[in-house]
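# Results of the structural survey
Below, each chain spelled out in residue letters.
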Amino acid sequence: MQPKKYSSYAEIEHDLEILKLEKEIYFQKMKLSYEKTKESVFPSEPVQGFYAVYKKVFSGTLGSILKIVLPYVISWFINRKRGD
């Protein structure tokens, strides 16, 4: 490929402006692609709904009791012998 020969600074500035705009277009496309990928991998509404339910259940008196009892129940379930 032969290097382009310019006859004025205006031609150079014109090509640089085109390259700058192309760079911005590719950057915006990449950003959009990233956002779409992030939305498909991490759905926000179901996660927020689950978090709201979790927060509601584990707050207050019931939450305090569950936070104390739940580790013991999990430990018992893990350590129980099979066949009992």
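Given the structure is predicted, the values throughout are model-derived calculations rather than measurements. (Residues numbered from 1 in each chain as written. Predicted model: local features only at pLDDT ≥ 70, side-chain atom pairs only at ≥ 80, totals over all residues. Heavy atoms only, no water.)

## Some points on the overall build of the protein chain
The number of helices and strands found in the protein chain is 3 helices and 0 strands. Listing each helix as α and each strand as β along the protein chain from the N terminus yields α-α-α. Buried residues in the protein chain amount to 2% of all 84 residues. Carbon and sulfur atoms form 65% of the exposed surface of the protein chain, whose accessible area is close to 8,600 Å². (Helix = DSSP H or I, 4+ residues; strand = E, 2+ residues; numbered from the N terminus. Buried < 20%, exposed > 50% of the residue type's maximum accessible area, 1.4 Å probe, protein only. Areas by Shrake-Rupley, 256 points an atom, 1.4 Å probe, with all protein chains shown as cover.)

## Brief notes about helix H3 (residues 60-79)
An ideal rise of 1.5 Å per residue puts 28 Å on 20 residues; H3 measures up with 29 Å between its terminal C-alpha atoms. A maximum bend of about 35° is found in H3 at Val69, where proline Pro71 lies one to four positions downstream. (Expected span 1.5 Å × (residues − 1). Bend = angle between axes of the 7 residues up to and from the residue.)

## So, the pattern of salt bridges
Counted by the stated rule, this structure contains 1 salt bridge. Of the charged contacts, one joins Asp15 and Lys4 as a salt bridge, the two residues approaching to 3.1 Å between their closest N and O atoms. Remark: Lys4 occurs in the segment before helix H1 (9-41) and Asp15 occurs in helix H1; sequence separation between them is 11 residues. (Salt bridge = Lys/Arg side-chain N within 4 Å of Asp/Glu carboxyl O.)

## Points about the confidence of the model for the protein chain
Mean pLDDT for the protein chain: 82, with 85% of residues reaching 70 or above. When mean pLDDT is compared element by element in the protein chain, H1 scores highest at 92, while helix H2 (residues 44-57) scores lowest at 69. (pLDDT = per-residue confidence, 0-100.)

## Regarding a nonpolar patch on the surface
Residues Ile65, Ile68, Val69, Leu70, Tyr72, Val73, Ile74, Trp76, Phe77 and Ile78 make up a contiguous nonpolar surface patch of roughly 1,100 Å² in combined accessible area. Topologically, Trp76 is positioned in helix H3. (Patch = residues over 30% accessible without salt bridge, like charges linked within 9 Å, V, L, I, M, F, W, Y side chains within 5 Å.)

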